[in-house]
There are 2 protein chains.
Amino acid sequence: MQSQHIVSAYDDELKFLARKIAAMGGQAERMVDQAIAALVNADPALGQRVIQDDVVLDEAQREIDDKAILIIARRQPMATDLREIIGAIRISADLERVGDLGKNIAKRVSAVAEGRQPNSLFRGLEALAELALTQLKEVLDVYASRSVERIGFVRDRDEQIDAMYTSLFRELLTYMMEDPRNITPCTHLLFVAKNIERIGDHATNIAETIYYIVTGEQMPPERPKEDKSHRVTLESGGKPG
Amino acid sequence: MQSQHIVSAYDDELKFLARKIAAMGGQAERMVDQAIAALVNADPALGQRVIQDDVVLDEAQREIDDKAILIIARRQPMATDLREIIGAIRISADLERVGDLGKNIAKRVSAVAEGRQPNSLFRGLEALAELALTQLKEVLDVYASRSVERIGFVRDRDEQIDAMYTSLFRELLTYMMEDPRNITPCTHLLFVAKNIERIGDHATNIAETIYYIVTGEQMPPERPKEDKSHRVTLESGGKPG
(Lines give C-alpha, C1' and ligand atoms only; values in the text may rest on other atoms or scores of the structure.)
Protein backbone atom coordinates (compact mmCIF):
# COMPACT_ATOMS: atom_id res chain seq x y z
CA MET A 1 0.00 0.00 0.00
CA GLN A 2 2.74 2.43 0.97
CA SER A 3 4.30 4.31 -1.89
CA GLN A 4 7.92 3.53 -2.60
CA HIS A 5 10.40 6.22 -1.77
CA ILE A 6 14.09 6.86 -1.69
CA VAL A 7 14.76 6.08 1.95
CA SER A 8 17.62 8.50 2.45
CA ALA A 9 15.61 11.50 1.20
CA TYR A 10 12.76 10.53 3.51
CA ASP A 11 15.14 10.19 6.45
CA ASP A 12 16.52 13.61 5.63
CA GLU A 13 13.02 15.04 5.82
CA LEU A 14 12.41 13.52 9.26
CA LYS A 15 15.82 14.74 10.40
CA PHE A 16 14.95 18.20 9.13
CA LEU A 17 11.93 18.23 11.46
CA ALA A 18 13.98 17.05 14.45
CA ARG A 19 16.70 19.63 13.77
CA LYS A 20 14.17 22.41 13.41
CA ILE A 21 12.53 21.40 16.71
CA ALA A 22 15.93 21.45 18.44
CA ALA A 23 16.57 24.95 17.05
CA MET A 24 13.13 26.14 18.19
CA GLY A 25 13.82 24.70 21.64
CA GLY A 26 17.15 26.55 21.87
CA GLN A 27 15.56 29.80 20.85
CA ALA A 28 12.59 29.45 23.22
CA GLU A 29 14.99 28.82 26.13
CA ARG A 30 17.08 31.85 25.16
CA MET A 31 14.00 34.08 24.95
CA VAL A 32 12.81 33.11 28.42
CA ASP A 33 16.30 33.45 29.87
CA GLN A 34 16.73 36.92 28.38
CA ALA A 35 13.23 38.00 29.39
CA ILE A 36 14.02 37.17 33.03
CA ALA A 37 17.39 38.96 32.76
CA ALA A 38 15.61 42.03 31.29
CA LEU A 39 13.15 41.96 34.19
CA VAL A 40 15.73 41.50 36.95
CA ASN A 41 18.10 44.13 35.52
CA ALA A 42 15.30 46.54 34.52
CA ASP A 43 16.60 46.45 30.94
CA PRO A 44 13.74 47.39 28.57
CA ALA A 45 16.05 47.30 25.52
CA LEU A 46 16.75 43.61 26.11
CA GLY A 47 13.01 43.10 26.69
CA GLN A 48 12.31 44.66 23.30
CA ARG A 49 14.74 42.28 21.60
CA VAL A 50 12.95 39.30 23.16
CA ILE A 51 9.60 40.64 21.91
CA GLN A 52 11.00 41.01 18.40
CA ASP A 53 12.54 37.53 18.44
CA ASP A 54 9.12 35.93 18.82
CA VAL A 55 8.27 36.21 15.11
CA VAL A 56 11.19 33.89 14.29
CA LEU A 57 9.65 31.20 16.50
CA ASP A 58 6.18 31.72 14.98
CA GLU A 59 7.72 31.37 11.54
CA ALA A 60 9.59 28.20 12.54
CA GLN A 61 6.38 26.62 13.82
CA ARG A 62 4.60 27.38 10.55
CA GLU A 63 7.52 25.91 8.61
CA ILE A 64 7.44 22.69 10.68
CA ASP A 65 3.66 22.39 10.22
CA ASP A 66 3.85 22.90 6.45
CA LYS A 67 6.75 20.48 6.10
CA ALA A 68 5.09 17.85 8.32
CA ILE A 69 1.90 17.91 6.28
CA LEU A 70 3.87 17.75 3.05
CA ILE A 71 5.78 14.70 4.29
CA ILE A 72 2.57 12.92 5.32
CA ALA A 73 0.93 13.66 1.97
CA ARG A 74 3.95 12.60 -0.06
CA ARG A 75 5.34 9.70 1.94
CA GLN A 76 2.17 8.27 3.46
CA PRO A 77 4.07 7.11 6.50
CA MET A 78 2.93 4.31 8.78
CA ALA A 79 3.07 3.80 12.54
CA THR A 80 6.31 5.12 14.07
CA ASP A 81 7.10 7.63 11.33
CA LEU A 82 3.57 8.99 11.50
CA ARG A 83 3.82 9.41 15.26
CA GLU A 84 7.16 11.13 14.73
CA ILE A 85 5.63 13.65 12.34
CA ILE A 86 2.44 14.32 14.34
CA GLY A 87 4.70 14.59 17.40
CA ALA A 88 6.77 17.29 15.68
CA ILE A 89 3.59 19.30 15.03
CA ARG A 90 2.63 19.03 18.71
CA ILE A 91 6.08 19.81 20.11
CA SER A 92 6.53 22.85 17.88
CA ALA A 93 3.16 24.17 19.13
CA ASP A 94 4.38 23.80 22.73
CA LEU A 95 7.68 25.54 21.93
CA GLU A 96 5.93 28.37 20.13
CA ARG A 97 3.82 28.86 23.24
CA VAL A 98 6.95 28.89 25.46
CA GLY A 99 8.25 31.70 23.24
CA ASP A 100 4.94 33.54 23.70
CA LEU A 101 5.32 33.20 27.47
CA GLY A 102 8.86 34.61 27.22
CA LYS A 103 7.50 37.51 25.17
CA ASN A 104 4.77 38.07 27.75
CA ILE A 105 7.40 38.29 30.51
CA ALA A 106 9.46 40.70 28.42
CA LYS A 107 6.45 42.99 27.99
CA ARG A 108 6.16 43.47 31.74
CA VAL A 109 9.72 44.81 32.13
CA SER A 110 8.70 48.48 32.12
CA ALA A 111 5.69 48.07 34.44
CA VAL A 112 7.83 46.17 36.97
CA ALA A 113 10.75 48.63 36.69
CA GLU A 114 8.53 51.47 37.99
CA GLY A 115 9.03 50.31 41.57
CA ARG A 116 12.05 48.45 42.94
CA GLN A 117 11.14 45.11 44.41
CA PRO A 118 13.08 43.21 47.08
CA ASN A 119 16.01 41.24 45.69
CA SER A 120 14.61 38.06 47.24
CA LEU A 121 11.65 38.23 44.84
CA PHE A 122 13.92 38.45 41.81
CA ARG A 123 16.09 35.63 43.15
CA GLY A 124 12.92 33.57 43.56
CA LEU A 125 11.83 34.26 39.99
CA GLU A 126 15.32 33.45 38.69
CA ALA A 127 15.34 30.16 40.58
CA LEU A 128 11.89 29.25 39.26
CA ALA A 129 12.92 30.12 35.71
CA GLU A 130 16.12 28.10 36.04
CA LEU A 131 14.16 25.06 37.19
CA ALA A 132 11.62 25.40 34.34
CA LEU A 133 14.34 25.92 31.72
CA THR A 134 16.33 22.95 33.02
CA GLN A 135 13.16 20.89 32.69
CA LEU A 136 12.68 22.09 29.11
CA LYS A 137 16.33 21.52 28.19
CA GLU A 138 16.40 17.97 29.58
CA VAL A 139 13.12 17.10 27.91
CA LEU A 140 14.57 18.30 24.60
CA ASP A 141 17.68 16.19 25.27
CA VAL A 142 15.39 13.17 25.64
CA TYR A 143 13.75 14.17 22.35
CA ALA A 144 17.15 14.32 20.63
CA SER A 145 18.29 10.95 22.00
CA ARG A 146 14.87 9.24 22.17
CA SER A 147 16.03 7.89 25.56
CA VAL A 148 12.48 7.71 26.82
CA GLU A 149 13.49 5.48 29.74
CA ARG A 150 15.10 8.56 31.33
CA ILE A 151 11.82 10.48 31.32
CA GLY A 152 10.91 9.74 34.96
CA PHE A 153 12.51 13.01 36.14
CA VAL A 154 9.78 15.02 34.44
CA ARG A 155 6.92 14.59 36.89
CA ASP A 156 9.13 15.03 39.96
CA ARG A 157 10.58 18.25 38.71
CA ASP A 158 7.16 19.48 37.60
CA GLU A 159 6.01 19.09 41.20
CA GLN A 160 9.07 21.05 42.39
CA ILE A 161 8.21 23.83 39.93
CA ASP A 162 4.60 23.95 41.16
CA ALA A 163 5.71 24.06 44.79
CA MET A 164 8.22 26.84 44.13
CA TYR A 165 5.57 28.78 42.19
CA THR A 166 3.04 28.49 45.03
CA SER A 167 5.63 29.73 47.51
CA LEU A 168 6.46 32.73 45.28
CA PHE A 169 2.74 33.44 44.90
CA ARG A 170 2.44 33.62 48.68
CA GLU A 171 5.49 35.85 48.99
CA LEU A 172 4.16 38.25 46.35
CA LEU A 173 0.79 38.54 48.10
CA THR A 174 2.64 39.34 51.34
CA TYR A 175 4.55 42.21 49.73
CA MET A 176 1.37 43.57 48.22
CA MET A 177 -0.27 43.66 51.64
CA GLU A 178 2.71 45.34 53.25
CA ASP A 179 2.57 48.38 51.01
CA PRO A 180 -0.04 49.34 48.40
CA ARG A 181 2.74 50.77 46.22
CA ASN A 182 3.86 47.18 45.68
CA ILE A 183 0.50 46.09 44.27
CA THR A 184 0.99 47.03 40.64
CA PRO A 185 4.54 45.73 40.14
CA CYS A 186 3.87 42.59 42.21
CA THR A 187 0.73 41.84 40.17
CA HIS A 188 2.88 41.86 37.04
CA LEU A 189 5.40 39.62 38.83
CA LEU A 190 2.56 37.23 39.75
CA PHE A 191 1.83 36.85 36.05
CA VAL A 192 5.54 36.40 35.33
CA ALA A 193 5.68 33.60 37.91
CA LYS A 194 2.57 32.02 36.40
CA ASN A 195 4.13 32.24 32.93
CA ILE A 196 7.25 30.45 34.14
CA GLU A 197 5.15 27.76 35.82
CA ARG A 198 3.33 27.26 32.48
CA ILE A 199 6.70 26.71 30.77
CA GLY A 200 7.13 23.73 33.07
CA ASP A 201 3.71 22.46 31.96
CA HIS A 202 4.71 22.75 28.32
CA ALA A 203 7.92 20.83 29.04
CA THR A 204 5.76 18.10 30.56
CA ASN A 205 3.48 18.14 27.49
CA ILE A 206 6.55 17.66 25.32
CA ALA A 207 7.70 14.76 27.48
CA GLU A 208 4.29 13.15 27.04
CA THR A 209 4.53 13.62 23.28
CA ILE A 210 8.01 12.06 23.18
CA TYR A 211 6.76 9.09 25.18
CA TYR A 212 3.93 8.72 22.68
CA ILE A 213 6.28 9.00 19.68
CA VAL A 214 8.56 6.27 20.98
CA THR A 215 6.03 3.87 22.52
CA GLY A 216 2.72 4.62 20.79
CA GLU A 217 1.16 4.73 24.27
CA GLN A 218 0.00 7.52 26.57
CA MET A 219 2.47 8.27 29.36
CA PRO A 220 1.23 6.78 32.64
CA PRO A 221 0.13 7.76 35.20
CA GLU A 222 -1.83 11.01 34.93
CA ARG A 223 0.34 13.75 36.35
CA PRO A 224 -1.12 16.13 38.91
CA LYS A 225 -1.46 18.88 36.32
CA GLU A 226 -1.74 21.96 38.47
CA ASP A 227 -0.04 24.22 40.91
CA LYS A 228 -1.62 24.70 44.34
CA SER A 229 -1.69 28.50 44.27
CA HIS A 230 -5.44 28.61 43.66
CA ARG A 231 -5.90 27.63 47.31
CA VAL A 232 -3.62 30.34 48.68
CA THR A 233 -5.36 32.94 50.78
CA LEU A 234 -3.59 35.38 53.08
CA GLU A 235 -5.05 37.40 55.90
CA SER A 236 -4.45 41.12 55.57
CA GLY A 237 -1.00 41.57 57.07
CA GLY A 238 0.50 38.60 55.33
CA LYS A 239 -0.30 35.65 57.55
CA PRO A 240 -0.86 32.56 55.42
CA GLY A 241 -4.53 31.56 55.59
CA MET B 1 -0.64 5.64 -4.83
CA GLN B 2 -3.54 6.12 -2.50
CA SER B 3 -5.03 2.98 -1.12
CA GLN B 4 -8.56 2.20 -2.21
CA HIS B 5 -11.24 2.55 0.38
CA ILE B 6 -14.96 2.40 0.79
CA VAL B 7 -15.77 6.09 0.52
CA SER B 8 -18.78 6.06 2.81
CA ALA B 9 -16.89 4.42 5.69
CA TYR B 10 -14.12 6.99 5.27
CA ASP B 11 -16.63 9.84 5.28
CA ASP B 12 -18.13 8.40 8.43
CA GLU B 13 -14.72 8.50 10.08
CA LEU B 14 -14.23 12.16 9.17
CA LYS B 15 -17.75 12.94 10.38
CA PHE B 16 -16.99 11.16 13.63
CA LEU B 17 -14.10 13.57 14.21
CA ALA B 18 -16.25 16.62 13.42
CA ARG B 19 -19.07 15.42 15.70
CA LYS B 20 -16.64 14.70 18.52
CA ILE B 21 -15.14 18.19 18.15
CA ALA B 22 -18.62 19.73 18.31
CA ALA B 23 -19.37 17.75 21.47
CA MET B 24 -16.04 18.84 23.03
CA GLY B 25 -16.86 22.44 22.15
CA GLY B 26 -20.27 22.21 23.82
CA GLN B 27 -18.78 20.73 26.93
CA ALA B 28 -15.93 23.25 27.15
CA GLU B 29 -18.45 26.11 26.88
CA ARG B 30 -20.63 24.57 29.59
CA MET B 31 -17.64 24.11 31.92
CA VAL B 32 -16.59 27.74 31.60
CA ASP B 33 -20.16 28.97 31.98
CA GLN B 34 -20.68 26.89 35.13
CA ALA B 35 -17.28 27.87 36.56
CA ILE B 36 -18.23 31.55 36.28
CA ALA B 37 -21.64 30.84 37.83
CA ALA B 38 -19.95 28.97 40.70
CA LEU B 39 -17.64 31.95 41.25
CA VAL B 40 -20.34 34.61 41.11
CA ASN B 41 -22.75 32.67 43.34
CA ALA B 42 -20.01 31.41 45.69
CA ASP B 43 -21.12 27.84 44.95
CA PRO B 44 -18.19 25.47 45.63
CA ALA B 45 -20.31 22.37 44.91
CA LEU B 46 -20.88 23.54 41.33
CA GLY B 47 -17.17 24.37 41.15
CA GLN B 48 -16.35 20.80 42.15
CA ARG B 49 -18.58 19.41 39.39
CA VAL B 50 -16.72 21.52 36.82
CA ILE B 51 -13.39 20.23 38.12
CA GLN B 52 -14.62 16.64 37.82
CA ASP B 53 -15.99 17.19 34.31
CA ASP B 54 -12.53 18.00 33.00
CA VAL B 55 -11.50 14.33 32.69
CA VAL B 56 -14.23 13.79 30.11
CA LEU B 57 -12.71 16.49 27.92
CA ASP B 58 -9.20 15.06 28.36
CA GLU B 59 -10.52 11.65 27.37
CA ALA B 60 -12.31 13.07 24.31
CA GLN B 61 -9.10 14.75 23.14
CA ARG B 62 -7.19 11.49 23.46
CA GLU B 63 -9.90 9.69 21.51
CA ILE B 64 -9.78 12.26 18.70
CA ASP B 65 -5.99 12.04 18.55
CA ASP B 66 -5.99 8.25 18.40
CA LYS B 67 -8.74 8.16 15.80
CA ALA B 68 -7.09 10.86 13.69
CA ILE B 69 -3.80 9.01 13.58
CA LEU B 70 -5.58 5.75 12.78
CA ILE B 71 -7.40 7.40 9.87
CA ILE B 72 -4.18 8.85 8.48
CA ALA B 73 -2.38 5.51 8.74
CA ARG B 74 -5.23 3.54 7.20
CA ARG B 75 -6.61 5.92 4.59
CA GLN B 76 -3.45 7.79 3.63
CA PRO B 77 -5.48 10.88 2.85
CA MET B 78 -4.31 13.66 0.55
CA ALA B 79 -4.60 17.46 0.68
CA THR B 80 -8.01 18.57 2.01
CA ASP B 81 -8.76 15.44 4.01
CA LEU B 82 -5.33 15.53 5.57
CA ARG B 83 -5.80 19.17 6.59
CA GLU B 84 -9.19 18.20 8.02
CA ILE B 85 -7.66 15.49 10.19
CA ILE B 86 -4.63 17.50 11.34
CA GLY B 87 -7.07 20.36 11.99
CA ALA B 88 -9.15 18.12 14.25
CA ILE B 89 -6.03 17.30 16.30
CA ARG B 90 -5.28 21.01 16.70
CA ILE B 91 -8.83 22.10 17.50
CA SER B 92 -9.29 19.38 20.10
CA ALA B 93 -6.06 20.54 21.80
CA ASP B 94 -7.46 24.08 21.97
CA LEU B 95 -10.78 22.85 23.36
CA GLU B 96 -9.07 20.67 25.94
CA ARG B 97 -7.16 23.76 27.05
CA VAL B 98 -10.40 25.80 27.27
CA GLY B 99 -11.71 23.09 29.61
CA ASP B 100 -8.51 23.39 31.68
CA LEU B 101 -9.08 27.12 31.95
CA GLY B 102 -12.66 26.49 33.10
CA LYS B 103 -11.33 24.05 35.69
CA ASN B 104 -8.77 26.61 36.81
CA ILE B 105 -11.55 29.19 37.34
CA ALA B 106 -13.61 26.63 39.28
CA LYS B 107 -10.69 25.95 41.61
CA ARG B 108 -10.61 29.57 42.71
CA VAL B 109 -14.25 29.59 43.90
CA SER B 110 -13.39 29.02 47.57
CA ALA B 111 -10.50 31.49 47.72
CA VAL B 112 -12.68 34.21 46.15
CA ALA B 113 -15.69 33.40 48.36
CA GLU B 114 -13.69 34.30 51.49
CA GLY B 115 -14.33 37.99 50.91
CA ARG B 116 -17.34 39.50 49.15
CA GLN B 117 -16.33 41.54 46.14
CA PRO B 118 -18.30 44.42 44.61
CA ASN B 119 -21.06 43.27 42.28
CA SER B 120 -19.61 45.38 39.49
CA LEU B 121 -16.54 43.11 39.43
CA PHE B 122 -18.66 40.00 39.01
CA ARG B 123 -20.76 41.72 36.34
CA GLY B 124 -17.51 42.59 34.55
CA LEU B 125 -16.29 39.00 34.70
CA GLU B 126 -19.65 37.70 33.49
CA ALA B 127 -19.63 40.12 30.57
CA LEU B 128 -16.07 39.12 29.65
CA ALA B 129 -16.97 35.43 29.86
CA GLU B 130 -20.07 35.94 27.74
CA LEU B 131 -18.03 37.68 25.06
CA ALA B 132 -15.37 34.94 25.06
CA LEU B 133 -17.96 32.14 24.98
CA THR B 134 -19.88 33.84 22.17
CA GLN B 135 -16.61 34.00 20.26
CA LEU B 136 -16.00 30.29 20.88
CA LYS B 137 -19.55 29.32 19.95
CA GLU B 138 -19.54 31.28 16.70
CA VAL B 139 -16.15 29.92 15.74
CA LEU B 140 -17.46 26.39 16.29
CA ASP B 141 -20.51 27.28 14.14
CA VAL B 142 -18.09 28.24 11.37
CA TYR B 143 -16.32 24.90 11.89
CA ALA B 144 -19.62 23.03 11.57
CA SER B 145 -20.68 24.90 8.42
CA ARG B 146 -17.20 25.48 6.95
CA SER B 147 -18.46 29.00 6.11
CA VAL B 148 -14.99 30.44 6.34
CA GLU B 149 -16.04 33.65 4.56
CA ARG B 150 -17.87 34.63 7.78
CA ILE B 151 -14.71 34.44 9.84
CA GLY B 152 -13.96 38.19 9.77
CA PHE B 153 -15.75 38.73 13.09
CA VAL B 154 -13.04 36.86 14.95
CA ARG B 155 -10.29 39.47 15.07
CA ASP B 156 -12.68 42.32 15.91
CA ARG B 157 -14.22 40.48 18.81
CA ASP B 158 -10.81 39.32 20.02
CA GLU B 159 -9.84 42.99 20.28
CA GLN B 160 -13.04 43.68 22.26
CA ILE B 161 -12.19 40.85 24.63
CA ASP B 162 -8.65 42.19 25.13
CA ALA B 163 -9.96 45.72 25.79
CA MET B 164 -12.54 44.48 28.29
CA TYR B 165 -9.91 42.36 30.03
CA THR B 166 -7.52 45.31 30.34
CA SER B 167 -10.29 47.44 31.83
CA LEU B 168 -11.14 44.71 34.37
CA PHE B 169 -7.43 44.35 35.21
CA ARG B 170 -7.33 48.08 36.01
CA GLU B 171 -10.51 47.88 38.11
CA LEU B 172 -9.15 44.94 40.11
CA LEU B 173 -5.89 46.77 40.87
CA THR B 174 -7.94 49.73 42.07
CA TYR B 175 -9.88 47.58 44.54
CA MET B 176 -6.68 46.02 45.79
CA MET B 177 -5.24 49.45 46.53
CA GLU B 178 -8.36 50.62 48.30
CA ASP B 179 -8.26 47.90 50.93
CA PRO B 180 -5.56 45.28 51.57
CA ARG B 181 -8.28 42.78 52.46
CA ASN B 182 -9.20 42.79 48.79
CA ILE B 183 -5.72 41.75 47.67
CA THR B 184 -6.07 37.98 47.98
CA PRO B 185 -9.53 37.55 46.41
CA CYS B 186 -8.84 40.13 43.70
CA THR B 187 -5.57 38.40 42.81
CA HIS B 188 -7.54 35.22 42.17
CA LEU B 189 -10.05 37.24 40.13
CA LEU B 190 -7.15 38.67 38.10
CA PHE B 191 -6.21 35.12 37.16
CA VAL B 192 -9.85 34.31 36.38
CA ALA B 193 -10.00 37.32 34.05
CA LYS B 194 -6.75 36.25 32.41
CA ASN B 195 -8.13 32.72 31.96
CA ILE B 196 -11.22 34.08 30.22
CA GLU B 197 -9.09 36.27 27.98
CA ARG B 198 -7.09 33.15 27.04
CA ILE B 199 -10.32 31.41 26.02
CA GLY B 200 -10.74 34.17 23.44
CA ASP B 201 -7.21 33.44 22.20
CA HIS B 202 -8.04 29.74 21.83
CA ALA B 203 -11.19 30.64 19.87
CA THR B 204 -8.97 32.69 17.57
CA ASN B 205 -6.54 29.77 17.21
CA ILE B 206 -9.47 27.56 16.22
CA ALA B 207 -10.61 30.13 13.65
CA GLU B 208 -7.09 30.11 12.18
CA THR B 209 -7.15 26.32 12.01
CA ILE B 210 -10.55 26.32 10.26
CA TYR B 211 -9.25 28.86 7.74
CA TYR B 212 -6.29 26.58 7.14
CA ILE B 213 -8.48 23.48 6.78
CA VAL B 214 -10.70 25.12 4.18
CA THR B 215 -8.15 27.15 2.21
CA GLY B 216 -4.80 25.47 2.82
CA GLU B 217 -3.42 28.95 3.61
CA GLN B 218 -2.53 30.81 6.79
CA MET B 219 -5.19 33.30 7.87
CA PRO B 220 -4.05 36.84 6.98
CA PRO B 221 -3.11 39.23 8.46
CA GLU B 222 -1.29 38.54 11.71
CA ARG B 223 -3.67 39.36 14.51
CA PRO B 224 -2.47 41.60 17.33
CA LYS B 225 -2.11 38.62 19.64
CA GLU B 226 -2.11 40.23 23.06
CA ASP B 227 -4.06 42.16 25.60
CA LYS B 228 -2.64 45.52 26.74
CA SER B 229 -2.75 44.79 30.46
CA HIS B 230 1.02 44.34 30.67
CA ARG B 231 1.31 48.13 30.31
CA VAL B 232 -1.15 48.91 33.10
CA THR B 233 0.34 50.63 36.10
CA LEU B 234 -1.68 52.40 38.76
CA GLU B 235 -0.47 54.92 41.30
CA SER B 236 -1.26 53.92 44.85
CA GLY B 237 -4.81 55.19 45.30
CA GLY B 238 -6.02 53.91 41.99
CA LYS B 239 -5.19 56.64 39.52
CA PRO B 240 -4.36 55.10 36.15
CA GLY B 241 -0.65 55.64 35.40
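In this text, all values refer to a predicted model and were calculated from it rather than measured experimentally. (Residues numbered from 1 in each chain as written. Chains lettered and ligands numbered in written order. Predicted model: local features only at pLDDT ≥ 70, side-chain atom pairs only at ≥ 80, totals over all residues. Heavy atoms only, no water.)

A. Layout of the overall build of chain A. Within chain A, the regular secondary structure consists of 7 helices and 0 strands. The dimensions of chain A, computed from C-alpha atoms along their principal axes, are 70 × 40 × 20 Å. When the 241 residues of chain A are sorted by exposure, 57% land in the buried category. At a minimum sequence separation of 6, the contacts of chain A that also span at least 24 residues come to 82%. Placing the 31 positive and 39 negative side-chain charges of chain A at their respective mean positions leaves the two points 1 Å apart. (Helix = DSSP H or I, 4+ residues; strand = E, 2+ residues; numbered from the N terminus. Buried < 20%, exposed > 50% of the residue type's maximum accessible area, 1.4 Å probe, protein only. Contact = heavy atoms within 4.5 Å. Lys, Arg positive; Asp, Glu negative; His and termini not counted. Charge placed at Lys NZ, Arg CZ, Asp CG, Glu CD.)

B. Molecular detail of the pattern of salt bridges. Residue and element names in this part refer to chain A. Inspection of every chain in the model, using the stated rule, returns 28 salt bridges over all chains. Residues Arg157 and Glu138 are paired through a salt bridge, measuring 3.2 Å at the closest nitrogen-oxygen approach. A residue pair is termed long-range when its members are at least 10 positions apart, and Arg157 in helix H6 (residues 153-178) and Glu138 in helix H5 (residues 119-145) qualify at 19 residues. Among the ionic pairs, Asp201 bridges to Arg198, the shortest N-O distance being 2.9 Å. Of this pair, Asp201 and Arg198 both sit in helix H7 (residues 183-215), separated by 3 residues, roughly a single helical turn. Of the two residues examined, Asp201 and Arg198, each falls in the buried class. Several salt bridges share partner residues, and in doing so they unite Glu13, Arg74 and Arg75 into one network. (Salt bridge = Lys/Arg side-chain N within 4 Å of Asp/Glu carboxyl O.)

C. Geometry of the relation of the copies chain A and chain B. Superposing chain A onto chain B takes a rotation of 180° combined with a translation of 0.0 Å along the rotation axis, leaving an RMSD of 0.0 Å. With respect to symmetry, the two chain copies, as superposed, fit the operation of a two-fold axis. In terms of proximity to the rotation axis, the leading residue of chain A is Gln76(A), whose C-alpha is 2.8 Å off the axis. When the interface residues of chain A are mapped onto chain B, 100% of them again fall at the interface, so both copies present the same face. (Least-squares fit on C-alpha atoms with pLDDT ≥ 70 in both.)

D. Summary view of the nonpolar core. Counting residues in each nonpolar core, the largest one holds 159 residues, and the members touching the most others are Ile151(A), Ile196(A), Leu39(B) and Ile196(B). Broken down by element, the residue count for this core peaks at 16 residues, all from H7(A). Once you skip the residues sitting within four places of it in the chain, Ile196(B) turns out to touch Ile36(B), Ile105(B), Leu125(B), Leu128(B), Ala129(B) and Ala132(B). (Core = buried A, V, L, I, M, F, W, Y, C linked by side-chain atoms within 4.5 Å.)

E. Structural context of the environment of Ile86(B). Among the secondary structure elements, Ile86(B) is positioned in helix H3 (residues 79-107). Exposure remark for Ile86(B): the relative accessible area of 2% places this residue in the buried category. Ignoring sequence-local partners within four residues, the contact set of Ile86(B) consists of Ile69(A), Ile72(A), Ile86(A), Ile89(A) and Ile72(B).

F. Local environment of the UniProt feature "domain: PhoU" (unreviewed entry) in chain A. All names here are of chain A. The sites that UniProt annotates as "domain: PhoU" (unreviewed entry) are residues 22-109 and 127-209. With 92% helix and 0% strand, residues 22-109 has end C-alpha atoms that lie 28 Å from one another. For residues 127-209, the helix share is 87%, the strand share is 0%, and the end-to-end C-alpha distance is 26 Å. (UniProt positions renumbered as here; feature names shortened; annotations may be inferred.)

G. Spotlight on unusual backbone geometry. Residues and elements named next belong to chain B. Unusually for a residue other than glycine, Ala42 sits at a positive phi of about 50°. The topology assignment puts Ala42 in the loop between helix H1 (7-40) and helix H2 (44-75). The backbone of Arg146 sits at a positive phi, close to 55°, despite the residue not being glycine. You can see Arg146 is positioned in the loop between helix H5 (119-145) and helix H6 (153-178).

H. View of the packing of aromatic side chains. A complete count under the given rule lists 5 aromatic pairs over all chains for this structure. With a centroid separation of 5.9 Å and 35° between ring planes, the pair formed by Phe169(A) and Phe191(B) is classed as tilted. Of the two residues, Phe169(A) sits in helix H6 while Phe191(B) sits in helix H7 (residues 183-215), which places them in two different chains. Note on accessibility: Phe169(A) and Phe191(B) belong to one class, buried. An angle of 65° between the planes, with centres 6.0 Å apart, marks the rings of Tyr165(B) and Phe169(B) as edge-to-face. Within this pair, Tyr165(B) and its partner Phe169(B) are both found in helix H6, separated by 4 residues, close to a single helical turn. Residue class for Tyr165(B) comes out buried when judged on its relative accessible area of 0%. (Phe/Tyr/Trp six-rings, centres within 6.5 Å; stacked < 30°, edge-to-face > 60°.)

I. Examining H5(A) more closely. With 27 residues, H5(A) should reach 39 Å at 1.5 Å per residue; the first-to-last C-alpha distance of 39 Å fits that figure. Of the residues trailing H5(A), Arg146(A) is marked for its positive phi of about 55°. (Expected span 1.5 Å × (residues − 1).)

J. Highlighting H2(B). For H2(B), spanning 32 residues, the distance from its first C-alpha to its last is 47 Å, which sits close to the expected 46 Å at 1.5 Å a residue. Note on H2(B): the residue one or two positions beyond its end, Gln76(B), has a positive phi of about 45°.

K. Up close: the packing of H3(B) against H5(B). All names here are of chain B. One way to put it is that H3 packs onto H5 with a least axis distance of 13 Å and a crossing angle of 165°. In terms of axis orientation, H3 runs roughly antiparallel to H5. In this structure, H3 meets H5 at a crossing whose hand is left-handed. Across the interface between the two elements, Glu84, Ile91, Leu95 and Val98 of H3 pack against Leu136, Leu140 and Tyr143 of H5. Its residues assigned to classes, the contact of H3 with H5 comprises 6 nonpolar, no polar and 1 charged. (Axes fitted to C-alpha atoms, helices over the stretch in contact; angles between N-to-C directions. Parallel < 35°, antiparallel > 145°, perpendicular 65-115°, else oblique. Left-handed = near helix turned anticlockwise from the far one by under 90°. Nonpolar A, V, L, I, M, F, W, Y, C, P; charged D, E, K, R; others polar.)

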